[in-house]
Amino acid sequence: MAALNPPWSSALHPHLRRLWRAITTPRILLSLGLCAVLIYLVGVPLLRIAWATVTWHPEDARVARGFEEGAFTLFHWKRTFLGAVSNELVYRPFLNTVVTSAGATLMALLIGCPLAWLLTRTDLPGRRLLSGLITIPFILPSWTIALAWLVFFRNSRLGGAGGLFEYLTGVATPNWLAYGPVPIVIAMGLHYYAFTFILVSGALASVDSHLEESGEILGANRWKILKKITLPLVLPAILSAFILTFSRSLGTFGTPIFLGRPVGYYTLATTLYNNLRMGFKASAYILAVVLVALSALTIYGNQRLIGTRKSFVTISGRGLRVRLTPLRGWRYPLLILVSAFVLVCVLVPLLLLAWQSLMLEENNYSLGNLSLHYWVSQGGDRRYAEGEAGLLRSWLVLGAAKNSIALSVITAVLVGLLGLLLGYAIVKGRGTRLSRALEQIAFLPYLVPSIAFGAVYIAMFASPLGPIPALYGTFALLVLVCVAKNLPFSSRTGVSSMLQVGQELEEAAVVAGASWTARFRRIIVPLTLSGFVAGFLLTFISTIRDLSLIILLVTPSTRVLPSLIFRYNEQGFTQFANGIVIILVALSLAGQWLIRKIGKKEVTQ
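Description of the structure in this document. The shown structure was predicted, so the numbers you read here are calculated from the model rather than taken from an experiment.

1. Considering the packing of helix α4 (residues 86-121) against helix α12 (residues 222-250)
Item 1. In the contact formed by α4 and α12, the axes pass within 9 Å of each other and the chain directions differ by 140 degrees. Looking at the two axes, α4 sits oblique to α12. The element α4 and its partner α12 pack so that their crossing is right-handed. Across the interface between the two elements, Thr97, Val98, Ser101, Ala102, Ala104, Thr105, Ala108, Leu109 and Cys113 of α4 pack against Ile238, Ala241, Phe242, Thr245, Phe246, Ser249 and Leu250 of α12.
Item 2. Here the contact of α4 with α12 is built from residues that sort into eleven nonpolar, five polar and no charged.

What follows is the structure, encoded as C-alpha cells:
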C-alpha cells in the first residue's frame with residue numbers, strides 16, 4: 001500500500017523518511033485513527049468515571065460538610081464500603097447480583113445444553129423448525145418473560161390487582177413466587193438458555209462421529225462416550241456459555257427491577273439506577289466500577305480456563321462426518337417434551353402479554369372484558385389510564401417507535417461500517433502490536449455491563465468535553481453509547497469476513513494503479529458485505545430491545561419504546577406496557593426479516 005510522500009520528505013534523514021513512509025500508509029493511518037476513536041469512546045469515559053468517584057460533587061452537601069467542589073477525596077469509597085449504609089448500598093446488592101446471575105447461568109446451562117444435544121446430534125423429528133423457535137427468546141427483550149411472569153403470578157398481597165393464577169384459583173401466590181430472586185432467576189434463565197444453546201450446538205455440530213464410533217468399537221457404553229469423548233470436546237463452548245451468560249446477567253436491569261422492586265430486592269444494577277435517580281452520583285459510579293471489575297474478572301477467568309486447558313482438534317483434512325444418535329422409542333416423547341417447552345416458554349409469554357393488552361379492566365380475564373380500547377381509543381376517558389389515547393393513536397408511542405427505529409438503524413449502519421474498518425485494520429496488520437491493541441480495545445466495551453456503560457457516558461457527557469458540548473438529553477448521545485457498546489460484535493464479524501478475502505486481490509488492484517479508497521470501495525466492501533449484514537443485524541436486534549444501556553440517558557424528548565414500557569409499568573398502566581412489548585417484538589422480527597432479505601439480495605448480486 002502506498003504511503004504519502006510529500007516533496008519535503010526527501011529532505012529528511014533516511015531513518016525519519018522510512019518512519020514517515022511507515023506511519024503514513026493507509027493501513028497505519030486507519031489503525032491510528034480507529035485507536036484514537038476507541039480510546040475516546042471507551043478509555044476516556046472509564047477514566048472520567050474513576051475520577052468522579054474520588055472527587056467532591058455539589059450534591060454531596062446532603063452527606064458531608066465543608067468540602068471543596070472538585071477536590072480529591074476518598075470519602076465516597078469509605079462511605080460505600082465502610083459506612084453505616086454499606087450493607088444496603090453495596091454488600092446486599094452484590095450478594096443478590098451474584099446469586100441471581102449464578103442461578104440464571106446454571107439454569108441456562110441445564111436447559112441449553114440438553115436442547116443443543118437433542119437438536120444437533122439426535123434424530124429428533126422437526127429439529128430444524130424447533131431450532132429456529134428455540135432461539136426466539138434471544139432476539140426478544142430480556143425482560144419480556146419478567147412481564148409475562150407478572151401477568152400470571154403477581155398477587156394482591158402487596159396491593160393492586162392479582163394475576164391470572166389468582167383469578168383462576170382464587171388463591172394469591174406467595175410473595176417468593178411472584179417477586180424476588182426465584183422469578184428473577186427463572187426469567188433470566190429462560191432468556192439466556194438460547195445463548196447457551198447457540199454456542200453449544202455450534203460446538204456439537206463440529207464433533208466428528210469417527211471419535212465416538214471408535215469408542216464404541218473399544219467397548220465403551222454411551223455414558224462413557226459422553227463423559228470421555230463428547231463432553232471434553234465441547235467443554236470450551238460450555239465454559240464460554242457459562243462465563244458469557246454470567247457476565248451478561250450481572251448488568252441486567254429490566255428483569256430485576258420489574259420482579260425485585262415490589263419486595264425491595266435490589267441488585268447492583270438496580271441500586272446503581274436508584275442512586276443516580278437520588279443524585280448520589282459518586283456512589284452510583286462506584287457501583288459501576290464494581291460491576292466492571294466483576295465482569296472483567298469473569299472474562300479473565302474464562303480466558304484462563306480455556307487458555308490453559310488441553311485442547312483437541314476435531315476438524316482436520318479427513319473431513320467431518322456427523323452421525324445422528326437414534327432415539328428409538330424416545331423420539332416422540334422427547335418431541336412432545338421439547339414442543340411443550342417451546343410452547344410454554346416462548347409462545348405463551350407473548351400470548352399472555354397480548355391478552356392483557358386487550359383487557360379493559362385489570363384482573364378480569366373473561367372474554368367479555370376484551371377490548372381494543374388500549375390500542376385504538378382516541379383518549380379522554382379518564383376511567384382508563386387517565387384518559388391516555390390508544391397505542392396506535394398516541395403521539396407519545398409513535399414518537400418513541402420512530403426514535404427506536406431511527407436509533408437502531410443509525411447505530412447499526414455506523415457499527416457495521418466501523419466493524420468493516422476495524423476488521424480491515426486488524427487483519428491487514430495481523431501480528432503487529434498496533435493490531436493487537438486495536439483488537440483488545442474494541443473488545444473492551446463487552447467487559448462493561450450495559451447499565452454501568454450508561455453511567456459512564458453520563459459522567460463523560462454531562463458537561464462539555466473540549467470542543468464537544470454537553471450531550472446529555474440529546475439523541476446523539478444515545479447513538480454514541482449504542483455504537484460504542486456494540487463495537488465488540490461488529491469488530492468480530494468484520495475480522496471474520498476480512499480473513500476470507502485473499503491478499504492477491506488487493507495487490508492486483510495496487511499494480512493496476514487503484515487508490516486505497518477505490519480498492520476498499522470496489523473490492524473489500526463487496527466481498528465482505530455478508531460481514532456488514534451480520535454486524536448490522538446483531539446491532540439492530542441488540543439496540544432496539546435494550547433497556548439497561550439507555551435507561552439512564554433517556555429524556556422525554558429522546559424516549560424509545562423500552563423506556564416507555566418502563567415508564568408505563570411504573571405508573572401501573574400494564575395494558576399499555578404489555579401492548580408496547582408486542583409492538584417492539586413485531587418491529588424486531590420485521591426488521592430482522594427485512595435485513596436478512598435485503599442482505600441476501602445484495603450478497604447474491
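2. Concerning the packing of aromatic side chains
Item 1. Summed over all chains, the structure comprises 27 aromatic pairs.
Item 2. An angle of 80 degrees between the planes, with centres 5.6 Å apart, marks the rings of Tyr424 and Phe520 as edge-to-face. Here Tyr424, found in helix α18 (residues 395-428), pairs with Phe520, found in helix α23 (residues 516-527); they are 96 residues apart in sequence, far enough to count as distant. Take Tyr424 and Phe520: they sit in the same class, and that class is buried.
Item 3. Each ring, one from Phe453 and one from Tyr457, has its centre 5.3 Å from the other, and the planes form 25 degrees; the classification is stacked. Separated by four residues within a single helix, Phe453 and Tyr457 lie in helix α20 (residues 450-461), roughly one turn from each other.
Item 4. We classify Phe453 as buried; its relative accessible area is 3%.
Item 5. Across from the ring centre of Phe280, 4.3 Å away, lies the NZ or CZ of Arg62, which sits over that ring.
Item 6. If you follow Lys485 out to its NZ or CZ, it ends over the ring of Phe453, 5.6 Å from the centre.

3. Here's the deal with the state of the cysteines
A disulfide bridge is the covalent bond that connects two cysteines by way of their sulfur atoms.
Item 1. Enumeration according to the criterion identifies zero disulfides in this entry.
Item 2. Just so you know, Cys113 is unpaired, no disulfide at all, and the nearest cysteine sulfur is the one on Cys345, 16 Å from it.

4. So, the packing of α18 against α23
Item 1. Running from N to C, α18 and α23 point in directions that differ by 110 degrees, and their axes come no closer than 13 Å. In this view, α18 runs roughly perpendicular relative to α23, as classed from their interaxial angle. Taken as a pair, α18 and α23 cross one another with a handedness that is right-handed. Here Leu420, Leu421 and Tyr424 of α18 lie close against α23, whose contacting residues are Trp516, Phe520 and Ile524.
Item 2. Tallied by class, residues from the contact of α18 with α23 come to six nonpolar, no polar and no charged.

5. Section: the nonpolar core
Item 1. Counting residues in hydrophobic clusters, the biggest one holds 171 residues, and the most contacted among them are Trp143, Tyr193, Leu272, Ile451, Tyr457 and Leu552.
Item 2. Among the elements that take part in this core, α18 stands out by supplying 13 residues, more than any other.
Item 3. When near neighbours in sequence (up to four residues on either side) are disregarded, Leu552 contacts Leu272, Tyr273, Leu276, Ile451, Gly454, Ala455, Ile458 and Tyr472.

6. What to know about the environment of Ala116
Item 1. With respect to the secondary-structure elements, Ala116 resides in helix α4.
Item 2. Those residues in contact with Ala116 that sit more than four places away from it in its chain are Arg121, Phe197, Val200, Ser201 and Leu204.

7. Quick look at helix α21 (residues 475-499)
Item 1. The end-to-end C-alpha separation of α21 is 35 Å, in line with the 36 Å expected for 25 residues at 1.5 Å each.
Item 2. At Leu487, α21 shows its largest kink, close to 50 degrees, and the proline Pro488 lies no more than four residues downstream.
Item 3. Of all 25 residues making up α21, 18 are buried, and the element is well covered by its neighbours.

8. Section: a nonpolar patch on the surface
Item 1. Among the surface-exposed residues, Leu343, Val344, Leu347 and Leu351 lie close enough to one another that they form a single nonpolar patch of about 360 Å² accessible area.
Item 2. When you line up the elements, Leu343 lands in helix α16 (residues 331-357).

9. Quick word on the pattern of salt bridges
Item 1. Across all of its chains, the model carries six salt bridges by this definition.
Item 2. Across the pair Arg92 and Glu88 runs a salt bridge whose closest N-O atoms are separated by 3.2 Å. Within this pair, Arg92 and its partner Glu88 are both found in helix α4, separated by four residues, close to a single helical turn.
Item 3. Under the relative-accessibility criterion, Arg92 is labelled partly exposed at 41%.
Item 4. Of the charged contacts, one joins Arg261 and Glu570 as a salt bridge, the two residues approaching to 3.1 Å between their closest N and O atoms. Here the residue Arg261 occupies a position in the loop between α13 (254-260) and α14 (268-278), and Glu570 occupies one in helix α25 (residues 561-571), the gap between them amounting to 309 residues.

Cut-offs and rules
Residues numbered from 1 in each chain as written. Predicted model: local features only at pLDDT ≥ 70, side-chain atom pairs only at ≥ 80, totals over all residues. Heavy atoms only, no water. Axes fitted to C-alpha atoms, helices over the stretch in contact; angles between N-to-C directions. Helix = DSSP H or I, 4+ residues; strand = E, 2+ residues; numbered from the N terminus. Parallel < 35°, antiparallel > 145°, perpendicular 65-115°, else oblique. Left-handed = near helix turned anticlockwise from the far one by under 90°. Contact = heavy atoms within 4.5 Å. Nonpolar A, V, L, I, M, F, W, Y, C, P; charged D, E, K, R; others polar. Phe/Tyr/Trp six-rings, centres within 6.5 Å; stacked < 30°, edge-to-face > 60°. Buried < 20%, exposed > 50% of the residue type's maximum accessible area, 1.4 Å probe, protein only. Lys NZ or Arg CZ within 6 Å of the ring centre and 35° of its normal. Disulfide = S-S within 2.5 Å. Core = buried A, V, L, I, M, F, W, Y, C linked by side-chain atoms within 4.5 Å. Expected span 1.5 Å × (residues − 1). Bend = angle between axes of the 7 residues up to and from the residue. Patch = residues over 30% accessible without salt bridge, like charges linked within 9 Å, V, L, I, M, F, W, Y side chains within 5 Å. Areas by Shrake-Rupley, 256 points an atom, 1.4 Å probe, with all protein chains shown as cover. Salt bridge = Lys/Arg side-chain N within 4 Å of Asp/Glu carboxyl O.

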